[in-house]
Every structure is written in structure tokens, then in C-alpha cells.
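Breakdown of the fold
The lines below spell out each chain.
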Amino acid sequence: MASTPAERLYVVYEAYSQAYARRAQDWKDAKTKAQADTIFKNVESLEALYLKAAKQALDTNAQAVENAFEAAKAAQKEVNDAYEEAKGIADKVKLVGSVVSKVGDLINKAGGK
């Protein structure tokens, strides 16, 4: 079954809202300035992607869109699992960076841009 534009937007929202909610603790856990900067950049990028997605209909339908949708959901699950398993901050930062990439790909494909 194909995903809907609302489901696609929710995946983007979930990635942004969870990164935003976790940022303060992540900054406390950061071991280096580079990690802290990456946490900030990831949250900022996800916010920009969410705002972009909200402006677009995300209504393009194609197998590439479905693949991007599933990849974004899987990447967010990996992030959630890392937090549940209390993984180290380096792993968390890397996984959130992967979500930024996957969400961006979804928006580009589903938005027809």
C-alpha cells in the first residue's frame, strides 16, 4: 500500500520533534565542541526540512518515493533504538545525521523537486 502525503509529513515531523526534544540532553552528553555543533546542525536541518515539507504537498507517487519513505522510517527507528539502548553520543549523532539525509531524500522525491 502506498503511503499518503500526511504519513510522509508525519515521518518528517517525528524526526524533527524527537531531535528537538532530545537536544538539551545530547548537548550535555557531548564530549567535544564538534559533537555539540553537529547536534545543533542536525536539529536545525531537520527543522528546515520540516518547514519545507509542510509547504510542499509531498503528493508525488512513485516507487522511489515509497523507498525513500521506508528508508526515513527505518532511519528514525534506528535513532529511537539507540536512545532506548542508551548508546553513546557519537552513535546517536551519527544516526540523527542519517535521518537528516533520509528525510531530505524523501522530501525531494515526494515533493517532486
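Residues numbered from 1 in each chain as written. Predicted model: local features only at pLDDT ≥ 70, side-chain atom pairs only at ≥ 80, totals over all residues. Heavy atoms only, no water.

This paragraph deals with the overall build of the protein chain. When helices and strands are counted, the protein chain shows four helices and zero strands. Secondary structure of the protein chain in N-to-C order comes out as α-α-α-α. Relative to the 2.2 N^0.38 estimate, which gives 13 Å for 113 residues, the radius of gyration of the protein chain is 14 Å and therefore close to what a compact globule would have. On the principal axes, the C-alpha backbone points of the protein chain span a range of 40 × 25 × 20 Å. For the protein chain, with 113 residues in total, the buried portion stands at 37%. A separation threshold of at least 6 residues defines the contact pool for the protein chain, and within that pool the share at least 24 residues apart is 85%. Accessible surface computed for the protein chain: about 6,400 Å², of which carbon and sulfur atoms make up 54%. Computed over 17 positive and 16 negative side-chain charges, the separation of the two mean positions in the protein chain equals 4 Å. (Helix = DSSP H or I, 4+ residues; strand = E, 2+ residues; numbered from the N terminus. Rg over C-alpha atoms; globule rule 2.2 N^0.38 Å. Buried < 20%, exposed > 50% of the residue type's maximum accessible area, 1.4 Å probe, protein only. Contact = heavy atoms within 4.5 Å. Areas by Shrake-Rupley, 256 points an atom, 1.4 Å probe, with all protein chains shown as cover. Lys, Arg positive; Asp, Glu negative; His and termini not counted. Charge placed at Lys NZ, Arg CZ, Asp CG, Glu CD.)

This brings us to the packing of helix H1 (residues 5–29) against helix H2 (residues 33–55). Where H1 meets H2, the closest approach of the two axes is 9 Å, and the angle between their N-to-C directions is 155°. Our classification of the angle between H1 and H2 gives roughly antiparallel. With respect to the hand of their crossing, H1 and H2 are arranged in left-handed fashion. Seen from H1, the contacting residues are Leu9, Val12, Tyr13, Ala15, Tyr16, Ala19, Tyr20, Arg23, Asp26 and Trp27; seen from H2, they are Ala36, Ile39, Phe40, Val43, Leu46, Glu47, Leu49, Tyr50, Ala53 and Ala54. Per-class residue counts for the contact of H1 with H2 are 17 nonpolar, no polar and three charged. (Axes fitted to C-alpha atoms, helices over the stretch in contact; angles between N-to-C directions. Parallel < 35°, antiparallel > 145°, perpendicular 65-115°, else oblique. Left-handed = near helix turned anticlockwise from the far one by under 90°. Nonpolar A, V, L, I, M, F, W, Y, C, P; charged D, E, K, R; others polar.)

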